[in-house]
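A look at the structure
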Amino acid sequence: MSKIAFQDCYIQSLSHCYGCGKNNPEGHQLKSYWLDNYEGSKTIAHFTPKPYHTAIPGFVYGGLLASLIDCHGTGSAAAVVHYKNNLTIGSDPTIRFVTAALNINYLAPTPIDKQLELVGEFSQVKDNKVIVDITLSTNNVICVKGEVVAVKMPATFK
Ligand SMILES: CCCCCCCCCCCC(=O)SCCNC(=O)CCNC(=O)[C@H](O)C(C)(C)COP(=O)(O)OP(=O)(O)OC[C@H]1O[C@@H](n2cnc3c(N)ncnc32)[C@H](O)[C@@H]1OP(=O)(O)O
């Protein structure tokens, strides 16, 4: 696992995201990395839910799970486009991706008292659009699958 999370390389002005921004103390501050031995092709993140992230007692709220998949997807998209172009995340000009589409399938209830593991793989990588397929597991059981269509952030967002 690389030592610096993708999201920790985002420039300060783009580090306020509720799901993954390092500058948002109220947010989830998700951290995504290259999976060991899969640099450029697979990504990983971990998150431990808090007791108040409840849906039904004992199980995680689905909106939180979607949020984690969303941010792991956009972070992975930024990472792979930088990797493919031999660029460093955080270099100038900044390249960021926003969510254009998010498809989530809840396959099994997600226990709230376990660490969650998200693994991302790319089904399409273009400089302006990346599609990331993500699994969210606990104890090697896949609870949620998601597809994130991430599109390069337009200048009008700034
Ligand atoms: C908040 C800042 C954080 C900045 C950085 C922080 C990172 C954390 C982000 C966390 C995730 C978020 O919550 S982000 C916030 C939630 N998302 C948003 O608010 C996005 C709002 N939507 C938009 O601004 C726009 O619709 C865009 C940028 C998504 C698309 O703009 P556009 O003008 O239509 O793009 P365009 O160049 O025509 O299309 C580029 C390619 O994407 C495809 N494409 C476009 N839209 C879609 C779509 N809905 N579903 C599938 N594919 C699509 C096109 O077919 C094309 O594919 P091809 O023909 O090339 O194959």
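Conventions used here
- Residues numbered from 1 in each chain as written.
- Predicted model: local features only at pLDDT ≥ 70, side-chain atom pairs only at ≥ 80, totals over all residues.
- Heavy atoms only, no water.
- UniProt positions renumbered as here; feature names shortened; annotations may be inferred.
- Pairing = 2+ DSSP bridges.
- Helix = DSSP H or I, 4+ residues; strand = E, 2+ residues; numbered from the N terminus.
- Salt bridge = Lys/Arg side-chain N within 4 Å of Asp/Glu carboxyl O.
- Buried < 20%, exposed > 50% of the residue type's maximum accessible area, 1.4 Å probe, protein only.

An unreviewed UniProt entry lists the chain under the name Acyl-coenzyme A thioesterase THEM4, from Pseudoalteromonas espejiana. Of the comments in the UniProt record for the chain, the one headed Sequence similarities (unreviewed entry) reads "Belongs to the THEM4/THEM5 thioesterase family."

1. A short note on the pairing of strand β6 (residues 141–152)
Across nine bridges, strand β3 (residues 97–106) lies against β6 in antiparallel orientation. Each bridged residue has a counterpart across the sheet, and for I104 the counterpart in β6 is G146. The turn joining strand β5 (residues 129–138) and β6, which pair antiparallel and follow one another in sequence, is formed by two residues; a positive phi near 50° is taken by N139.

2. Things to note about the pattern of salt bridges
Counted according to the given criterion, the structure contains three salt bridges. For the salt bridge of D127 with K84, the shortest nitrogen-to-oxygen distance reads 2.9 Å. In this pair, D127 is assigned in the loop between β4 (116–125) and β5 and K84 in helix α1 (residues 62–84), connecting sequence segments 43 residues apart. On the accessibility criterion, K84 (45% relative accessible area) is partly exposed.

3. Digging into the UniProt feature "domain: Thioesterase" (unreviewed entry) in the chain
Summarizing the sequence annotation, UniProt attributes the feature "domain: Thioesterase" (unreviewed entry) to residues 58–137 in the numbering used throughout. When the span residues 58–137 is considered, its composition is 29% helix and 36% strand, and the gap between its end C-alpha atoms is 16 Å.

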